[in-house]
Amino acid sequence: MNTQLKLLVLSGLAGTALAQTPSPDANTLMNLGRFDEAKTLLIRNAQQNPSVQMNFDAGYGYLRAGQPDSARIWFEKGIPMDEKRVPLNQTGAAITYLVKNDMTNADPKLAEVVDKSKGKNAEILFRIGEAYTGYLTPGNGSIKPIYPKVVNAAKAIDYLNRATDRDKKNSAIQLALGDAYYLNKDAGTAVSRYESAIELGMNPSRVYQRIGDIYWQGRNLNLAVENYKKAIEANQTYAPAYNQLAELYFLVNRYKEAASYIDQYVNVSKDKRQETLLRQAQFHFLAKDYQRAVNLIDSNRTILAQNPIVYRIEGWSYSSLKQPQKAIQNITMFLEKAPEKIMPDDYRYLGNAYLGIENPGSDSLKAINDSLGILNLAKAAPFDTTENLYSDIAKYYYRAKKHPEAVAALDSAAKHGFKADVQDLFRYGMSNYTLGFQRDSLGKLIRDTTRFAMADSALALAQKASPDYAPTVLYRAKANYYAYTPEEAVLNGKAKPYFEQFINMTADKEEERNRYKKDLVLAFKYLISYNELVTKDENARNEWLKKGLSFFPENKDLARISAPGTEATDQ
C-alpha cells in the first residue's frame, strides 16, 4: 500500500485552515487531558503577569491535573492579591482540602470564603459548586470526575443555582450545572443546561462535545457522533471532538474511521505525546493499514524509541505485510525488551513470520524455519479464543504428511471449543484415512478399522458442507472399502453408495475421468462384484461392466472380468 508519511487531510478539512491552526489555549488543553502542557502555559502566564486571576488559573491547572497540593502553592501566592469581597485564591486553597476529602480543614475554610463574599459573589459560588462535581473530565468516551470522593451532585446544583441567580449570563456556570445534573442522573436537564451555555456565548464546539459525551455514556452512539460532528462544524480546529470520534469508532470496531479521525486530531492538536502517537499507529494497524502504522512509527522514532510497544506494532505489521525477516527482528526485540508484556498474539505473529520465510534451494533451512513457526503458533494456540491456530498447525502438518500431528492438532482445536470448518474436516478425515494403513513388524498390512471409521465420520460432515467435492465422496468410499478385506467390503456394501455417487460425479467428464482413472476402475469393479455376489442382479452387474469398459476399454482387469468364466471377485 503506497502511503505517504505526512498526516492525512481528509474531506471537509481545508488545508489552509489546518495550516493556520492556532496553538490550543490552556482550557482546551485541559479538555484534552493534556494537563502538563496546560500547567506550563498557565504557570508561564502567572510568572510573567502575576495577578489574582493568573495565580488562580495556575492553581486551577494543577487542580484539574489531580495535584491539589501543588495547586495550593499557587493559590496561596495569590491570596494576598485577592479583593476583600472576592477571595478567589482563598477559595481555591479551600477547595484543595475539599478535593482531598479533608473536611476538617475544608468546611471552615469554605464557610469563611462564603462569609467574606456575603454568599453573593457568583464566581465564588461557581467555583465551589464546580468543585463538588469533582471536575468532570471527558476522555476516551468516558466522563469521569478527577476527584470521585468529593462528588455531591445536590451541593453542586445548590451552589451553581445560587451562582446563576447572581450571574444569569455566565456560560461557564451553565456548563458546570450541566455536569452537576448529569451526575444527578438527569441527562435531559444536563443537556438543557449545556444548550443554555451555547446561547450565552460559550464556545459551541466545547458544549457539543460535552453533549456528545453525555449521549455516549447513555449508549446512544448515533447522537454522540452527531454532536461531535456539530462541534467540528462549529470549529474545524476543535481537536477534542476529533479525538472523541476516533475513540468512539475504535470502541465499536470501526477501525478505518478511528484511524481517520485520530489523524485529523493529531493534525489539528499538534499533540506529539508518546501515548497519542502510539494510539495513532495502533488504530492504523487495526484498520489493516499496516504500512502506514510502520511509517508513523518510523517518522516519530525519536519520541517513540524508548517504548518497547513500537517493536510489537512494527513486528505485527511486517508479519501482515509479508516481510517476515523484519517481523521476526521486531517481535524478537519486543520479547527481549518487555518480557512482562508478552501476549499470545506475539507468538502467533512470530510463528506466521517464520512460516512465511522462503528459502529457495535450501530445504533444510526452510524446514528449520517452519518448525520454529509451528513451535510459536503452538505457544499461542491455547490462549487464542477467536482464531483457530490449531487449524493452521494442522494444515502445515497435513501438507508435510505428518498425519499423527495433524490429527492431534485438530483434536486440540475441538477440545478448545473451535468448530471445524470443511477444510479441517477433510484434513481430519484424510489424515485418519492415511493412518488406517498400518504395518506390523514384518511389514504386513494391518487395517485400523477405527481410523477408517473416524475418517468416514469426518468426511461425512465435510460432505454435508460441500456436497459437490468429489474427493470427499471418493475417500468415504475408500474408507469403507479398505477397512475390510476386499470380499468383506463387497459383502457388507458400505462403500456402495459412495462409489456410485463418485462415478456419477466424475465419469462423464473427461478431465476428471483421466484424473481419477485408477479410482474409477476400482469403483466399477466393486459395483460389478456387489451385484454379482450380493444382489445377484445379472443385469445390473452387466450394466456396470459395460459402462466401465466404455470409459476404460484398455483396462485389463475390466476386460478379464468380461471374459467368459471369469469371477468378478478376483480383485
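Residues numbered from 1 in each chain as written. Predicted model: local features only at pLDDT ≥ 70, side-chain atom pairs only at ≥ 80, totals over all residues. Heavy atoms only, no water.

1. Describing unusual backbone geometry
So, step 1. Positive phi, close to 65°, is recorded for Tyr135, a residue that is not glycine.
So, step 2. Within the secondary structure, Tyr135 sits in the loop between helix 8 (122-131) and strand 1 (136-139).
So, step 3. Judged by relative accessible area, which is 3%, Tyr135 ranks as buried.
So, step 4. Of note in the backbone geometry, Lys270 takes a positive phi value of approximately 60° without being a glycine.
So, step 5. Within the fold, Lys270 resides in the loop between helix 15 (255-269) and helix 16 (274-286). (Helix = DSSP H or I, 4+ residues; strand = E, 2+ residues; numbered from the N terminus. Buried < 20%, exposed > 50% of the residue type's maximum accessible area, 1.4 Å probe, protein only.)

2. What about helix 19 (residues 309-320)?
So, step 1. With 12 residues, helix 19 should reach 16 Å at 1.5 Å per residue; the first-to-last C-alpha distance of 17 Å fits that figure.
So, step 2. Counting buried positions along helix 19 gives 10 out of 12 residues, so the element sits mostly inside the fold.
So, step 3. For helix 19, every residue scored as buried is listed here: Val310, Tyr311, Arg312, Ile313, Glu314, Gly315, Trp316, Ser317, Tyr318 and Ser319.
So, step 4. Those residues of helix 19 that are buried are in contact with helix 16, helix 17 (290-299), helix 18 (301-304), helix 20 (324-337) and helix 21 (344-355).
So, step 5. Lys322 sits one or two positions beyond helix 19 and adopts a positive phi of about 60°. (Expected span 1.5 Å × (residues − 1). Contact = heavy atoms within 4.5 Å.)

3. Focus: the pattern of salt bridges
So, step 1. This model, assessed by the stated rule, comprises 27 salt bridges.
So, step 2. In this structure, Arg515 engages Glu512 in a salt bridge whose closest nitrogen and oxygen atoms are separated by 3.1 Å. Here Glu512 and Arg515 lie together in helix 30 (residues 510-515), a separation of 3 residues that amounts to about one turn.
So, step 3. Looking at Arg515, the relative accessible area reads 51%, which means it is exposed.
So, step 4. Taking relative accessible area as the criterion, Glu512 reaches 17% and is therefore assigned buried.
So, step 5. A single salt-bridge network, built from bridges that share partners, covers Asp345, Arg348, Asp384 and Glu387. (Salt bridge = Lys/Arg side-chain N within 4 Å of Asp/Glu carboxyl O.)

4. Here's the deal with the packing of aromatic side chains
So, step 1. Under the criterion given, the structure shown has 30 aromatic pairs.
So, step 2. An aromatic cluster of at least three residues, connected via ring pairs, comprises Tyr433, Phe437, Phe452, Tyr475, Tyr481, Tyr482, Phe499, Tyr526 and Tyr530.
So, step 3. Note that Arg162 overlies the ring of Tyr159, its terminal NZ or CZ placed 5.0 Å from the centroid. (Phe/Tyr/Trp six-rings, centres within 6.5 Å; stacked < 30°, edge-to-face > 60°. Lys NZ or Arg CZ within 6 Å of the ring centre and 35° of its normal.)

5. Quick notes on the environment of Ile357
So, step 1. Within the secondary structure, Ile357 sits in the loop between helix 21 and helix 22 (363-380).
So, step 2. Residue Ile357 is classed as buried on the basis of its relative accessible area of 4%.
So, step 3. Between the C-alpha atoms of Ile357 and Asn369, which are 12 residues apart in sequence, the distance is 7.1 Å.
So, step 4. Setting aside anything within four residues of it in sequence, one finds Ile357 in contact with Pro324, Gln325, Ile328, Lys366 and Asn369.

6. Overview of the environment of Leu248
So, step 1. On the secondary structure map, Leu248 appears in helix 14 (residues 239-251).
So, step 2. Here Leu248 falls in the buried class, since its relative accessible area comes to 2%.
So, step 3. For the pair Leu248 and Leu321, spaced 73 residues apart in sequence, the C-alpha separation works out to 27 Å.
So, step 4. In this structure Leu248 touches Trp216, Leu221, Ala224, Val225 and Tyr228, once residues within four positions along its chain are discounted.

7. Some remarks on the side chain of Ser171
So, step 1. Relative to the helices and strands, Ser171 resides in helix 10 (residues 171-183).
So, step 2. The class of Ser171 is buried, set by a relative accessible area of 14%.
So, step 3. Aside from chain neighbours lying at most four places away, what touches Ser171 is Ala197, Leu200 and Met202.

8. Some details on the confidence of the model for the protein
So, step 1. The share of residues in the protein with pLDDT of 70 or more is 92%, and the mean pLDDT across the chain is 89.
So, step 2. Long-range and interchain partners of residues 1-21, a stretch whose pLDDT sits below 50, account for 38 contacts in this model, where long-range means more than four residues apart. (pLDDT = per-residue confidence, 0-100.)

9. Examining the nonpolar core
So, step 1. Grouped together as the largest cluster of nonpolar side chains are 55 residues, with contacts concentrated most on Leu63, Ile128, Tyr135 and Tyr194.
So, step 2. With 45 residues, the next largest nonpolar core counts Phe285, Trp316, Leu350 and Ala380 among its residues. (Core = buried A, V, L, I, M, F, W, Y, C linked by side-chain atoms within 4.5 Å.)

10. Section: helix 13 (residues 221-234)
So, step 1. A rise of 1.5 Å per residue sets the reference length of helix 13, with its 14 residues, at 20 Å; its end C-alpha atoms lie 20 Å apart and thus fit the reference within 8%.
So, step 2. Here helix 13 has its buried residues at Leu221, Ala224, Val225, Asn227, Tyr228, Ala231 and Ile232. In an axial view of helix 13, the angular spread of the buried residues amounts to 165°, which keeps them on one side of the axis. In helix 13, those exposed residues whose orientation departs by more than 90 degrees from the buried face are Asn222 and Glu233.
So, step 3. Looking at the buried positions of helix 13, the neighbouring elements they touch are helix 12 (204-217), helix 14 and helix 15. (Arc of directions from axis to C-beta.)

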